[in-house]
Amino acid sequence: LDPSQRFSTYRSRGWRWQQRDSLAQAIMAEQHQPREPMSKEERLARARKDLLDKFALDFKKAIREVHARDQCNLTWGAILPATMPGDDSELDEMLANFAATIAEIGFSKIEWCSAPAPTKWLEAPSRFGSHVHLRVTWQAGASLIGI
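Quick caveat: nothing in here was measured; it's all calculated off a predicted structure.

Asker: Pulling in residues and values, what's your account of the pairing of strand E2 (residues 109-114)?
Answerer: The buried count for E2 comes to five of six residues, which makes it a mostly enclosed element. Of the pairings in the sheet, the one linking E2 to strand E4 (residues 131-137) comprises four bridges and is antiparallel in character. Looking at E4, one finds that glutamate 111 is bridged to arginine 135. Here three bridges tie E2 to strand E3 (residues 120-122), and the two strands are oriented antiparallel to one another.

Asker: Residue-level account of the sheet that holds E4, with values.
Answerer: One open sheet accounts for four strands, arranged E1-E4-E2-E3; its pairing is antiparallel. Strand pairing shows two members of the sheet lacking a second neighbour, strand E1 (73-79) and E3, which therefore form its edges. Neighbouring strand axes in the sheet, compared pairwise and without regard to direction, differ in orientation by 30° on average. Of the strands in this sheet, E1 and E4 are in contact with helix H2 (residues 40-68), which crosses E1 at around 150°.

Asker: Describe the pattern of salt bridges, with residues and values.
Answerer: All told, the structure shown has seven salt bridges when counted by the stated rule. Where glutamate 111 meets arginine 135, a salt bridge forms, and the shortest distance between an N and an O atom there is 2.8 Å. Placement of glutamate 111 in strand E2 and of arginine 135 in strand E4 is noted, with a sequence separation of 24 residues between them. Looking at glutamate 111, the relative accessible area reads 14%, which means it is buried. Of the residues examined, arginine 135 reaches a relative accessible area of 27% and is grouped as partly exposed.

Criteria and thresholds
Sequence order as written defines the numbering, with residues in each chain counted from 1. The predicted origin of the model limits local features to residues at a pLDDT of at least 70 and limits the giving and counting of side-chain atom pairs to 80 or more, whereas totals for whole chains, interfaces and linings rest on all residues. Only hydrogens and water are set aside; all other atoms, that is, all heavy atoms of the structure, feed into the side-chain values. The rule is simple: take the accessible area with a 1.4 Å probe, protein chains only, and divide by the maximum for that residue type; under 20% is buried, over 50% is exposed, in between is partly exposed. A run of H or I in DSSP becomes a helix once it reaches four residues, and a run of E becomes a strand once it reaches two; helices and strands are each numbered from the N terminus. Here, a strand pair is defined by DSSP locating no fewer than two bridges between the strands. Only C-alpha atoms enter the line fits that serve as axes; for helices the fit covers just the stretch in contact. Angles between N-to-C directions range over 0 to 180 degrees. The contact rule is simple, with two residues in contact once any of their heavy atoms fall within 4.5 Å. One speaks of a salt bridge when a side-chain nitrogen belonging to Lys or Arg is within 4 Å of a carboxyl oxygen belonging to Asp or Glu.

As structure tokens, this is what we get:
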């Protein structure tokens, strides 16, 4: 290419990039509508959901590690996350939501530890303060949903 052809090619490419960038900016401007500020309840609900998602992700990570070793059960314990530590209603809500989340995975058996002496393993979700301990079992070769 002679120098004049290189310049015209560069200019045409530059124009295409400008056209593409301006189109992208127009699309983003249409999609980005100002939002109403979230209320305190909405912010707390979003924070709880984020905490629950991270908590469930930690549990699923432990399941993946055990599953990789060809084992079919796991006893796991953790502290329930909460936006207001010690708030029993929030802890109960988090426990119920976590129990619903893991029930969808497809374990053959889920047992929850009732920590006050004498220790018992129950079918119903339970916690001791903010601590939760559970034991899950699955069939060998089972396909666990979401893991």
